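Chain by chain, the residues run as shown.
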Amino acid sequence: MSFYSNFQSDKCPCAITGNPINGITEKVCIQAEKIFDAGIKQTQIENYSLTLTDLDPATITYPLTFVSARSTGEATVSNLNVERQADRQCARVQATVSVPLEVLFTDANGVEGTATATVSIDQDVLLYVPSPSIMPFTVTAVMSAVVPNGTYNAETQGFTATICVTVILKISMPVELLVPTYGYCVIPPAQDYSQEVCAGFFELPLYPQNKPCCNK
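Within every chain, residues take consecutive numbers counted from 1 along the sequence as written. Only residues with pLDDT of 70 or above have their local features reported here, since the model is predicted, and side-chain atom pairs are shown and tallied only from 80 upward, although totals for entire chains, interfaces and linings are computed over all residues. The basis for every side-chain value is the complete set of heavy atoms in the structure, and neither hydrogens nor water enter the calculation.

Turning next to the pattern of salt bridges. Any carboxyl oxygen of Asp or Glu that lies within 4 Å of a side-chain nitrogen of Lys or Arg is treated as forming a salt bridge with it. The tally for this structure, following the rule as stated, stands at 1 salt bridge. With its nearest N and O atoms 2.7 Å apart, the salt bridge here joins R92 to D124. Taken together, the residues R92 in strand β5 (residues 90-106) and D124 in strand β6 (residues 112-128) connect sequence positions 32 residues apart. Classification of residues uses two cut-offs on accessible area relative to the type maximum, computed with a 1.4 Å probe and protein chains only: under 20% is buried, over 50% is exposed, and between them is partly exposed. For D124, a relative accessible area of 40% corresponds to the partly exposed category. In this text, helices come from DSSP runs of H or I with a minimum length of four residues, and strands from runs of E with a minimum of two, each type numbered from the N-terminal end.

Here it is, written out as structure tokens:
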């Protein structure tokens, strides 16, 4: 059982039906990250040079053959510059967003291996930033990258690749919000996972069904 496994209770997350005010019991102060603005950009980068590090196995035979690569960790923001615009509420946000990649390859002997690489992309966008306050806002990023193809570069002993990148920049701040609530959630017991390998056997009838005799 869980919130979404046929659990019937007015104290669990679900779609609101009827008057949404009905059942509200109190105003609660919660600590949360407030997103003031966010924007998404999707880019295809051609001929990007992937420098390989942390090769496994450490001893390989060149040249390498590219298999696949995709982002595996959290994005980092560097070279940040926020320039407020005098004639609008937005600000010019410039930053370099980077994310690590896991690269799969085979060497000249057909041995499979993995390596780490990093893809970085410069961003120059307009985003809303809150007015000055004691609590500072932060610029964070979510970045996802997939490498559909790559060719071996003998000079760098890495790959020259095409990369599909999605970057979301956010302007956020930790805040304390006053929100109406329906009270505490009721947590249902978890349902154990079972493969039910005997289900087909147990569903069989105890005795075979009688069949009509064949007409002679």
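Turning our eyes to something else, we now look at unusual backbone geometry. Following D56, the chain continues to P57 via a peptide bond in cis, the omega torsion being 5 degrees. In this structure, P57 sits in the loop between β2 (53-56) and β3 (65-71). Looking along the chain, the bond that leaves Y62 and enters P63 is cis, with omega of 5 degrees. Structurally, P63 is set in the loop between β2 and β3.

The subject of this paragraph is the side chain of Q123. Among the structural elements, Q123 can be located in strand β6. The exposure class assigned to Q123 is buried, which follows from its relative accessible area of 5%. Those residues in contact with Q123 that lie beyond four places of it in its chain are K41, V93, Q94, A95, V97, V167 and L169. Contacts: residue pairs with any heavy atoms within 4.5 Å of one another.

Here, nonpolar core refers to any group of buried Ala, Val, Leu, Ile, Met, Phe, Trp, Tyr and Cys residues whose side-chain atoms link them within 4.5 Å. Counting 35 residues, the largest nonpolar core has M143 and I163 as the members making the most contacts within it. When residues of this core are traced back to their parent elements, those giving at least two are β1 (26-50), β3, β5, β6, β7 (138-153) and β8 (158-181). In this view, I163 contacts T43, Q44, I45, Y48, L50, V119, A145, V146, V147 and P148; residues no more than four positions away in its chain are not counted.

Another point: the pairing of β3. A pair of strands is considered paired only if DSSP assigns at least 2 bridges between the two. Judged from the 6 bridges that link them, β3 and β5 form a sheet pairing that is antiparallel. Within the sheet, the bridge partner assigned to F66 lies in β5 and is F105. In this sheet, β7 lies alongside β3 in antiparallel orientation, the contact comprising 2 bridges. Pairing of R70 across the sheet is with V146, part of β7.

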